[in-house]
Amino acid sequence: MERRSELIRKREERIRDMERTMQISPKEPTVIGCAYVVPLNQIEYEQHYGMKRDNEVEAIAMHIAMEYERERQRKPEDVSRQNLGYDIKSVNCYEMKRYIEVKGRADTDEVMFSENEMNRLAQLGSRAWLYIVVDCKTTPRLFRIQDPAQRLVFEKITKGIQYYLPLNEWQQKVEK
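The model shown is predicted, which means the values in this text are computed figures rather than measured ones. (Residues numbered from 1 in each chain as written. Predicted model: local features only at pLDDT ≥ 70, side-chain atom pairs only at ≥ 80, totals over all residues. Heavy atoms only, no water.)

Things to note about the nonpolar core
Link 1 in the chain: Ranked by internal contacts, the top residues of the largest apolar core, which has 20 residues, are Phe 113, Leu 130, Leu 152, Phe 154, Leu 165 and Trp 170.
Link 2 in the chain: The biggest single contributor to this core is strand 5 (residues 128-134), with four residues.
Link 3 in the chain: Once residues lying within four places of it in the same chain are set aside, the contact partners of Leu 152 are Leu 130, Ile 145, Leu 165, Glu 169, Trp 170 and Lys 173.
Link 4 in the chain: Core analysis: the next-biggest nonpolar cluster, separate from the first, contains 13 residues, Ala 61, Met 66, Val 102 and Cys 136 among them. (Core = buried A, V, L, I, M, F, W, Y, C linked by side-chain atoms within 4.5 Å. Buried < 20%, exposed > 50% of the residue type's maximum accessible area, 1.4 Å probe, protein only. Helix = DSSP H or I, 4+ residues; strand = E, 2+ residues; numbered from the N terminus. Contact = heavy atoms within 4.5 Å.)

Below is the structure:
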């Protein structure tokens, strides 16, 4: 009975979330300006933040995250190439979805988020998860945080519109 009540509550919460995202204004918008925003190129990203993309590390992190989900009888799907603001959509036997942003690091370090990732994590609320996989090239370890947009404090970096997540911030809030 308790499980049923929980599922009904979650269903009602999702319906409210969907209704909020579908609210539109019948009034025509007023254009007050425009901007052309382009992402930082890899050299600028490395110079400004001391970070660079490592495809091997990212692949390892995705593999670890997908395996973690499968081990818990969920059905993960890699959607990272679709630019949805998260990397994995995972569904359990009750059809409850989990939207996972995966960050891989070669060591234990800070991570960066794009504006798209931050916006999506905030929209998804408690259905959003952050999986950080550290030490990917040696002994990978997975850390998980539910509802990261609400639970973590990010530093907004205006150059290239990135969000910086310090190591000590995410380490304090991992799921046990």
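Quick look at the packing of aromatic side chains
Link 1 in the chain: Counted according to the given criterion, the structure contains five aromatic pairs.
Link 2 in the chain: When the centroid spacing of 5.1 Å and the interplanar angle of 90° are considered together, the rings of Phe 113 and Phe 154 count as edge-to-face. Separated by 41 residues along the polypeptide, Phe 113 in strand 4 (residues 111-114) and Phe 154 in the loop between helix 5 (148-151) and strand 7 (155-157) bring together distant segments of the chain. Exposure class is identical for Phe 113 and Phe 154. Each is buried.
Link 3 in the chain: Among the aromatic residues, those joined into a cluster by ring pairs are Tyr 68, Trp 129 and Tyr 131.
Link 4 in the chain: A cation over a ring is seen here: Arg 3 above Tyr 94, with NZ or CZ 4.3 Å from the ring centre. (Phe/Tyr/Trp six-rings, centres within 6.5 Å; stacked < 30°, edge-to-face > 60°. Lys NZ or Arg CZ within 6 Å of the ring centre and 35° of its normal.)

Structural notes on the layout of surface pockets
Link 1 in the chain: Here the second largest pocket is characterised by a volume of approximately 310 Å³.
Link 2 in the chain: As for the second largest pocket, its lining consists of 16 residues, and the residues nearest its centre are Lys 10, Arg 14, Met 96, Lys 97 and Gln 146.
Link 3 in the chain: Breaking the lining of the second largest pocket down by element, the ones donating at least two residues are helix 1 (2-21) and strand 3 (97-104).
Link 4 in the chain: Along the lines of polarity and charge, the residues of the lining of the second largest pocket split into two nonpolar, four polar and ten charged. (1 Å grid on protein atoms, 1.4 Å probe; cavity = no way out; pocket = protein on both sides within 12 Å on 5 of 7 lines; lining within 4 Å. Points joined across faces, edges and corners; volume = space filled by probe spheres on them. Nonpolar A, V, L, I, M, F, W, Y, C, P; charged D, E, K, R; others polar.)

Some words on the side chain of Arg 127
Link 1 in the chain: Structurally, Arg 127 is set in the loop between helix 4 (115-124) and strand 5.
Link 2 in the chain: Using a relative accessible area of 17% as the deciding quantity, one classes Arg 127 as buried.
Link 3 in the chain: Filtering out sequence-adjacent residues up to four positions away, Arg 127 remains in contact with Arg 14, Asp 17, Lys 97, Arg 98 and Tyr 99.

Some points on the pairing of strand 3
Link 1 in the chain: Counted residue by residue, strand 3 has seven buried out of eight residues, so it is predominantly covered.
Link 2 in the chain: Here four bridges tie strand 2 (residues 88-91) to strand 3, and the two strands are oriented antiparallel to one another. If you follow Lys 89 over to strand 3, its bridge partner there is Tyr 99.
Link 3 in the chain: Between strand 2 and strand 3, which pair antiparallel in sequence order, lie five residues; one of them, Glu 95, sits at a positive phi of approximately 65°.
Link 4 in the chain: In this structure, strand 3 lies alongside strand 5, joined through six bridges in parallel fashion. In the strand pairing of strand 5, Ile 100 is matched with Trp 129. (Pairing = 2+ DSSP bridges.)

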